[in-house]
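# Coordinates in review
Here is how the chains run, residue by residue.
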Amino acid sequence: MSAQPDHAPVTAPAPAPGAPAELLAQLRTDRRADRWVPAFEGQWAAALEESRRTFSLAKLYEVVQEWQGLIASAPAVDAFVASGYDDSDFIDMAELRGRRR
């Protein structure tokens, strides 16, 4: 019997070298730029600092992939919000937890 796992974890491919600059350009043209650009820049700066300390690019890749996902999903979220969804039956779990005490 082998001690090796029978499957390897799936890792996302490394982003293209220009991906952070492309993301920032996209964020700057979005209607949410006033919130998104500072958030991205803050996360990117923190990831750069961690990268300097750890000699790992993992956090930088994570930030790029997170923001790529955010940008990709934004049109679907906008469409959902614009559809006039009814969230009146929303259950606030924090409120429920407070009632149990």
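For the structure, check the block above.
Overview of the structure.

Reading guide: rules and limits
Residues numbered from 1 in each chain as written. Predicted model: local features only at pLDDT ≥ 70, side-chain atom pairs only at ≥ 80, totals over all residues. Heavy atoms only, no water. Core = buried A, V, L, I, M, F, W, Y, C linked by side-chain atoms within 4.5 Å. Buried < 20%, exposed > 50% of the residue type's maximum accessible area, 1.4 Å probe, protein only. Helix = DSSP H or I, 4+ residues; strand = E, 2+ residues; numbered from the N terminus. Contact = heavy atoms within 4.5 Å. Expected span 1.5 Å × (residues − 1). Arc of directions from axis to C-beta. Salt bridge = Lys/Arg side-chain N within 4 Å of Asp/Glu carboxyl O.

### A look at the nonpolar core
One finds Leu23, Leu27, Trp36, Phe40 and Trp67 to be the most contacted residues of the largest nonpolar core, which totals 15 residues. Put simply, the parts of the chain that give this core at least two residues each are helix H1 (19–29), helix H2 (33–54) and helix H3 (58–82). Sorting elements by how many residues they give to this core places H3 first, with 6 residues. Residues contacting Leu23, with those up to four places away along its chain left out, are Phe40, Val64, Trp67, Gln68 and Ile71.

### Observations concerning H2
Since the α-helix turns once every 3.6 residues, residues separated by three or four places project in the same direction. Under the 1.5 Å per step criterion, the end-to-end length of H2 is 30 Å for 22 residues, consistent within 8% with the ideal 32 Å. Within the span of H2, buried status applies to Ala33, Trp36, Val37, Phe40, Ala47 and Ser51. Viewed end-on, H2 has its buried residues packed into an arc of 100 degrees, placing them on one side of the element. Facing away from the buried side of H2 by over 90 degrees, the exposed positions are Asp34, Arg35, Arg52 and Arg53. Phe55 sits one or two residues past H2 and shows a positive phi near 60 degrees.

### Some remarks on H1
When we look at burial in H1, the residues that qualify are Ala19, Pro20, Leu23, Leu24 and Leu27. An end-on view of H1 places all buried positions within 135 degrees of arc, on one side of the element. Among the exposed residues of H1, those pointing more than 90 degrees away from its buried face are Ala21, Glu22, Arg28 and Thr29. Structurally, H1 contributes buried residues whose contacts are with H2 and H3.

### Regarding the environment of Ala21
Relative to the assigned elements, Ala21 resides in helix H1. When the C-alpha atoms of Ala21 and Val64 are compared, they prove to be 9.9 Å apart, with 43 residues separating the residues in sequence.

### Remarks on unusual backbone geometry
The residue Phe55 is not glycine, and still its phi comes out positive at about 60 degrees. Relative to the assigned elements, Phe55 resides in the loop between H2 and H3.

### What about the pattern of salt bridges?
Applying the stated criterion to the full structure yields 6 salt bridges. One salt bridge connects Arg52 with Glu49, and the closest N-O pair in it is separated by 3.7 Å. Separated by 3 residues within a single helix, Arg52 and Glu49 lie in helix H2, roughly one turn from each other. Under the relative-accessibility criterion, Glu49 is labelled partly exposed at 41%. For Lys59, the salt bridge identified is with Glu62, shortest N-O distance 2.9 Å. With Lys59 and Glu62 both in helix H3, this residue pair falls 3 residues apart, about one helical turn. Since its relative accessible area comes to 40%, Glu62 is described here as partly exposed. The structure contains a network of salt bridges with shared partners spanning Asp30, Arg31, Arg32 and Asp78.

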